Amino acid sequence: MAENENAVNQGEQNVETPEGMQLVVQTIYAKDISFEAPNSPDIFLEQYKPDINVNLNNRVKDLENDSYEVELQVTVTSKVGEKTAYIAEVKYGAVFGIKGMEDEVRSRLLRTFCCEQLFPYVREAISEAVSRGGFPRFVLQPINFNALYEQAQQQAAQQQEEANA
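For clarity, every value in this text was computed on a predicted model and none was experimentally measured.

### Details of the pattern of salt bridges
Using the criterion set out here, one finds 10 salt bridges in the structure. Linking Arg 59 and Glu 69 is a salt bridge whose minimum nitrogen-to-oxygen distance equals 2.9 Å. Placement of Arg 59 in strand S4 (residues 51-64) and of Glu 69 in strand S5 (residues 67-80) is noted, with a sequence separation of 10 residues between them. Across the salt bridge formed by Arg 108 and Glu 150, the nearest N and O atoms sit 2.1 Å from each other. Taken together, the residues span a long stretch of sequence, with Arg 108 in helix H1 (residues 103-111) and Glu 150 in helix H3 (residues 145-164) at a distance of 42 residues. With a relative accessible area of 29%, Arg 108 lands in the partly exposed category. Residue classification places Glu 150 among the partly exposed residues on the basis of a relative accessible area of 34%. Several salt bridges share partner residues, and in doing so they unite Lys 31, Arg 59, Glu 69, Glu 71 and Lys 91 into one network.

Below, the structure is given as structure tokens:
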């Protein structure tokens, strides 16, 4: 059997890639999982009609040797009136190996595809933390990371135009 030069060997998994391009998930890990219920047990005595705020953030760090760390952080804050019912914060990271891609393509992959790989881990951790805190299970809705990336690119271009004006 002839070996394919475009196959990436990771353990026993061979992944076909375009000539010279590589994207490998090296590891995925929890960086921070925290849950606070600052007004318990009093908050459980009130009717639970929460106002929920979700904050999303991601970060990319160049680790050299074609490796990049991507972090995805989600903070969910639930308030009942003026009282904070809970704050759940989850940060997951991963190391991705990326070779043979132009800067623009690599940047888009790191901010979209790589975040999409982390999202199920973050969703599960948030849901579990909230449930274990005694509150109704919270399920993060799907996030369109491509749309967020496009929006960020447009805002950056607009800010650049305003700075040059």
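### What to know about the packing of aromatic side chains
Within this structure, the stated rule accounts for 7 aromatic pairs. Through a chain of ring-to-ring contacts, the aromatic side chains of Phe 35, Phe 44, Tyr 48, Tyr 86 and Phe 135 assemble into a single cluster.

### Looking at the packing of H1 against H3
Packing of H1 against H3 leaves a shortest axis separation of 9 Å and a crossing angle of 125°. In this view, H1 runs oblique relative to H3, as classed from their interaxial angle. Handedness of the crossing formed by H1 with H3: right-handed. For the pair formed by H1 and H3, the contact residues are Glu 104, Ser 107, Arg 108 and Arg 111 on the first element and Phe 145, Asn 146, Tyr 149 and Glu 150 on the second. Of the residues assigned to the contact of H1 with H3, the class counts are 2 nonpolar, 2 polar and 4 charged.

### Things to note about the side chain of Thr 75
Looking at where Thr 75 falls in the secondary structure, it is placed in strand S5. Among the polar contacts made by the side chain of Thr 75, one reaches the side chain of Glu 89 at a distance of 3.0 Å. Residues within four places of Thr 75 in sequence aside, it is in contact with Asn 53, Val 54, Asn 55, Ile 87, Ala 88 and Glu 89.

Definitions and cut-offs
Residues numbered from 1 in each chain as written. Predicted model: local features only at pLDDT ≥ 70, side-chain atom pairs only at ≥ 80, totals over all residues. Heavy atoms only, no water. Salt bridge = Lys/Arg side-chain N within 4 Å of Asp/Glu carboxyl O. Helix = DSSP H or I, 4+ residues; strand = E, 2+ residues; numbered from the N terminus. Buried < 20%, exposed > 50% of the residue type's maximum accessible area, 1.4 Å probe, protein only. Phe/Tyr/Trp six-rings, centres within 6.5 Å; stacked < 30°, edge-to-face > 60°. Axes fitted to C-alpha atoms, helices over the stretch in contact; angles between N-to-C directions. Parallel < 35°, antiparallel > 145°, perpendicular 65-115°, else oblique. Left-handed = near helix turned anticlockwise from the far one by under 90°. Contact = heavy atoms within 4.5 Å. Nonpolar A, V, L, I, M, F, W, Y, C, P; charged D, E, K, R; others polar. Polar contact = N/O pair within 3.5 Å; in protein donor to acceptor, adjacent residues only side chain to side chain.

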